[in-house]
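As a plain string of letters, each chain reads:
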Amino acid sequence: MTREQIYVSHAPGDLELVQELFSTVKNFPFGVHITFEAVESGRQRNRLEGRLANSDVVVAVLTTASADSQWVNQEIGYAVAKGIPVIPLYDDEHHRGGFVDAVDGVEIDRQNPSATIFNLLSQLRAQLAPLGALSVPNWYIRFPCTNPDCGHPVTLEIEQEQTKLWTRSKHGKLLTASCERCGATYAFDPATIGYVRRDGGGR
């Protein structure tokens, strides 16, 4: 998987929600640009046009907070004009409209963030690797082993399609990856690709 770019358009009041929903998405080997993280780091929002223009997918977070946001509406319009796919991430159908009225999106379930993250990952996999229904894009996350004095790179390969990952999660079957140097095994939730625990390991 090449280093694709995701641009997340949202209102200031939704930053905490966005950070929660994208916490595991950020572990994948592509760039995730959350607008108000960039704004808080000193950039002005009108200077993010380059990031938007170079994005492969735009995720538009549509909530009560963003309903009257000129920025979110402009960024959606810009993406559509440039032919960049837009994924609406919304908490109420009434917040969808205009260019994204009929676009497949993800409904935010605030009572079940795991389901929202799973559905978001499903949409991202479909958009970033549209290889056909029978193809399974090879996604992965890579991280350093956290055992003391190790730090060897560990890779979790994600080869199963989304429906199988959801089934695994419902049955409590975690995904695992092991450190080739010290033998530590890391377990992840198949639905969210969220870290669960580390077992063993020694040198």
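Right above here is the structure, for reference.
Residues numbered from 1 in each chain as written. Predicted model: local features only at pLDDT ≥ 70, side-chain atom pairs only at ≥ 80, totals over all residues. Heavy atoms only, no water.

With that settled, the discussion passes to the sheet that holds strand S2 (residues 31-34). One open sheet accounts for 5 strands, arranged S2-S1-S3-S4-S5; its pairing is parallel. If you trace the sheet from one side to the other, it starts and ends with S2 and strand S5 (106-107), each paired once. Note that strand S4 (residues 86-90) and S5 share 2 bridges and pair parallel. Along S5, the bridge assignment pairs tyrosine 90 with glutamate 107. (Pairing = 2+ DSSP bridges. Helix = DSSP H or I, 4+ residues; strand = E, 2+ residues; numbered from the N terminus.)

Attention now goes to the nonpolar core. In terms of nonpolar packing, the biggest core is built from 42 residues, with Ile6, Phe22, Val25, Val59 and Leu124 touching the most fellow members. In terms of residue count, the dominant contributor to this core is helix H5 (residues 113-128) (5 residues). Residues in contact with leucine 124, not counting those within four places in the same chain, are Ile6, Val25, Val57, Val59, Ile87 and Trp139. Of all hydrophobic cores here, the second largest spans 14 residues; its members include Leu48, Ala60, Ala79 and Val100. (Core = buried A, V, L, I, M, F, W, Y, C linked by side-chain atoms within 4.5 Å. Buried < 20%, exposed > 50% of the residue type's maximum accessible area, 1.4 Å probe, protein only. Contact = heavy atoms within 4.5 Å.)

To continue, consider unusual backbone geometry. The phi angle at aspartate 149 is positive, at roughly 65°, despite the residue not being glycine. Judged by its relative accessible area of 69%, aspartate 149 is exposed. Even without being glycine, isoleucine 193 reaches a positive phi, approximately 60°. By the element assignment, isoleucine 193 lies in the loop between strand S9 (185-188) and strand S10 (195-199). By relative accessible area, which is 3% here, isoleucine 193 ends up buried.

Let us look at empty space enclosed by the protein. Inspection of every chain in the model, using the stated rule, returns 1 cavity of 30 Å³ or more. Volume-wise, the largest cavity comes out at about 50 Å³. Around the largest cavity, the lining residues are Phe28, Leu121, Arg125, Trp139, Ile158, Gln162, Leu165, Pro190, Ala191 and Ile193. Broken down by secondary-structure element, the contributors of at least two residues to the lining of the largest cavity are H5 and helix H6 (162-170). (1 Å grid on protein atoms, 1.4 Å probe; cavity = no way out; pocket = protein on both sides within 12 Å on 5 of 7 lines; lining within 4 Å. Points joined across faces, edges and corners; volume = space filled by probe spheres on them.)

Our next topic: the pattern of salt bridges. Following the criterion strictly, the structure yields 5 salt bridges and no others. Across the pair lysine 26 and glutamate 37 runs a salt bridge whose closest N-O atoms are separated by 2.8 Å. Of this pair, lysine 26 sits in the loop between helix H1 (15-21) and S2 while glutamate 37 sits in helix H2 (residues 35-40), and the two are 11 residues apart along the sequence. What makes glutamate 37 partly exposed here is its relative accessible area of 25%. Among the salt bridges present, the one from glutamate 93 reaches arginine 96, with a minimum N-O distance of 3.8 Å. Judged by relative accessible area, which is 47%, glutamate 93 ranks as partly exposed. The exposure class of arginine 96 is buried, given its relative accessible area of 13%. (Salt bridge = Lys/Arg side-chain N within 4 Å of Asp/Glu carboxyl O.)

Quick look at the packing of H5 against H6 now. Interhelical geometry of H5 versus H6 gives an angle of 160° and a closest axis separation of 10 Å. Here H5 lies roughly antiparallel to H6, going by the angle between them. Crossing of H5 against H6: the hand is right-handed. Contacts between H5 and H6 pair Ala115, Phe118, Leu121, Ser122 and Arg125 from the former with Gln162, Thr163, Leu165 and Trp166 from the latter. For the contact of H5 with H6, a count of residues per class yields 5 nonpolar, 3 polar and 1 charged. (Axes fitted to C-alpha atoms, helices over the stretch in contact; angles between N-to-C directions. Parallel < 35°, antiparallel > 145°, perpendicular 65-115°, else oblique. Left-handed = near helix turned anticlockwise from the far one by under 90°. Nonpolar A, V, L, I, M, F, W, Y, C, P; charged D, E, K, R; others polar.)

In this approach a probe as big as a water molecule rolls over the atoms, and the regions it shows empty are the leftover space. Considered as a void within the structure, the second largest pocket measures approximately 180 Å³ in volume. Every residue lining the second largest pocket is counted, 13 residues in all, and those nearest its centre are Leu62, Asn73, Ile76, His95 and Gly97. Residues belonging to the lining of the second largest pocket are distributed by class as follows: 6 nonpolar, 7 polar and no charged.

Moving on: the sheet that holds S10. With antiparallel pairing, the 3 strands of this open sheet are ordered in space as S8-S9-S10. Each having just a single partner strand, strand S8 (175-178) and S10 make up the two edges of the open sheet. Strand-to-strand twist of the sheet, defined as the mean angle between neighbouring strand axes without regard to direction, takes the value 20°.

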